[in-house]
Amino acid sequence: MSDGRVAVGQAAVDQLLEVLDLDPTGEMTFRGMSPPVGPQRVYGGQVAGQALVAAGRTVDPERFVHSLHGYFVRPGDPVEPIAYQVENIRDGRSFSVRRAVALQHDKPIFFMSASFQRAEEGLDHQAPAPLDVPPPQDVPTMTDRLSRYPERLGIWGQIPRPIDVRYVGEPGWVRPGDRPADPHQRVWMRIDGKLPDDPLLHACALTYASDLTLLDSVLSAHGEVWGPGGLVGASLDHALWFHRPFRADEWFLYDCLSPSASGARGLATGRMFTTDGRQIASAVQEGLLRRVGA
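If you're wondering where the values come from, they're calculated on a predicted model, not measured in any experiment.

A closer look at the overall build of the protein
Turning to step 1, where the next piece is worked out: When helices and strands are counted, the protein shows 5 helices and 12 strands.
Turning to step 2, where the next piece is worked out: Expressed as lengths along the three principal axes of its C-alpha atoms, the size of the protein is roughly 55 × 45 × 45 Å.
Turning to step 3, where the next piece is worked out: For the protein, the residues scored as buried account for 49% of the 294 residues in total.
Turning to step 4, where the next piece is worked out: Restricting the contact set of the protein to residue pairs at least 6 apart, pairs at least 24 apart contribute 73%.
Turning to step 5, where the next piece is worked out: When the accessible area of the protein is evaluated, it comes to approximately 14,200 Å², of which 53% is carbon and sulfur surface.
Turning to step 6, where the next piece is worked out: Computing the positive centroid from 29 side-chain charges and the negative centroid from 36, the protein places the two 4 Å apart.

A closer look at the sheet that holds strand β3 (residues 63-72)
Turning to step 1, where the next piece is worked out: Taken in spatial order, the 12 strands of this open sheet run β1-β2-β4-β5-β6-β3-β9-β12-β11-β10-β8-β7, and their pairing is antiparallel. Each edge of the sheet is formed by a strand with only one pairing partner; in this case those strands are β1 (23-24) and β7 (163-167).
Turning to step 2, where the next piece is worked out: Strand direction decides the pairing type here: strand β2 (residues 29-32) and strand β4 (residues 82-91), joined by 4 bridges, are antiparallel. Pairing of T29 across the sheet is with Q85, part of β4.

A few points about the layout of surface pockets
Turning to step 1, where the next piece is worked out: Roughly 710 Å³ of volume is contained in the second largest pocket.
Turning to step 2, where the next piece is worked out: Along the wall of the second largest pocket there are 19 residues; nearest its centre are Q117, E120, H243, R244 and P245.
Turning to step 3, where the next piece is worked out: At the level of secondary structure, the elements contributing two or more residues to the lining of the second largest pocket comprise β3, β6 (107-118) and α4 (199-210).
Turning to step 4, where the next piece is worked out: Sort the elements by how many residues they give to the lining of the second largest pocket and α4 lands first, with 3 residues.
Turning to step 5, where the next piece is worked out: Residue composition of the lining of the second largest pocket, by class: 8 nonpolar, 5 polar and 6 charged.

What counts, and at which threshold
- Residues numbered from 1 in each chain as written.
- Predicted model: local features only at pLDDT ≥ 70, side-chain atom pairs only at ≥ 80, totals over all residues.
- Heavy atoms only, no water.
- Helix = DSSP H or I, 4+ residues; strand = E, 2+ residues; numbered from the N terminus.
- Buried < 20%, exposed > 50% of the residue type's maximum accessible area, 1.4 Å probe, protein only.
- Contact = heavy atoms within 4.5 Å.
- Areas by Shrake-Rupley, 256 points an atom, 1.4 Å probe, with all protein chains shown as cover.
- Lys, Arg positive; Asp, Glu negative; His and termini not counted.
- Charge placed at Lys NZ, Arg CZ, Asp CG, Glu CD.
- Pairing = 2+ DSSP bridges.
- 1 Å grid on protein atoms, 1.4 Å probe; cavity = no way out; pocket = protein on both sides within 12 Å on 5 of 7 lines; lining within 4 Å.
- Points joined across faces, edges and corners; volume = space filled by probe spheres on them.
- Nonpolar A, V, L, I, M, F, W, Y, C, P; charged D, E, K, R; others polar.

Limitation: the analysis is restricted to geometry and does not speak to function.
As structure tokens, then:
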């Protein structure tokens with residue numbers, strides 16, 4: 001499907017799958033590309049998702065990724081291919097650890113450590129999911145939101161939309177003054193089409209999505225917005241823990257909260273819950289935040 005301007009639905013998801021399908025260039029090296037239309041720098045969720053693809057392809061498929069920790073060190077050029085180099089840190093009886101470095105022009109733009117574990121039984125508990133959140137079908141779509149702010153459309157009107165994103169409260173790209181302060185940034189998400197049944201691919205898709213709205217919770221705490229009249233930002237680091245099996249093409253609530261902001265940096269935490277209340281993942285990110293024009 002398409003709305004005449006951008007790819008949406010399964011067409012956009014198929015494009016995302018192409019972005020995540022890296023070309024092997026050696027036993028532990030891969031090459032990734034960016035979408036033909038996108039932001040002026042590589043989207044952080046893309047390079048993190050691709051790095052996880054690279055690392056995961058060197059691990060026994062019986063071992064599922066349970067955590068990743070990455071640092072964004074340089075802005076990526078969306079026109080240039082990205083080279084991924086994977087290092088085998090350890091293969092133990094239960095865990096495998098990999099380090100993946102993303103390079104452009106022979107310089108790292110991102111590096112990540114990821115750990116994979118074979119399935120085991122053990123203790124099981126979680127904090128309860130938020131109860132005061134409307135279901136995704138009762139929340140405005142991205143198209144509904146954008147129709148109110150055509151002047152804020154920007155890159156959203158040009159790039160494919162493989163993720164169905166539905167903000168429970170006001171998003172960070174509304175006009176200055178239109179956003180009340182809210183300690184929580186809650187968003188329903190799902191990959192807007194069908195994904196293959198590969199658990200690694202679903203983890204990579206979730207990684208891709210996890211960078212999309214997390215840092216906005218820092219702005220939400222102050223009622224601030226992105227762009228003119230507000231702030232600009234960039235991800236500095238990103239960590240993600242996977243707790244339970246899930247499908248990224250089914251609805252999950254991304255419940256984000258910022259515990260601290262200082263020194264032009266903001267810390268954001270996020271929890272992801274399925275519609276039946278299972279916590280599938282947790283995320284933490286710190287980002288650089290500066291006033292426009294500062």
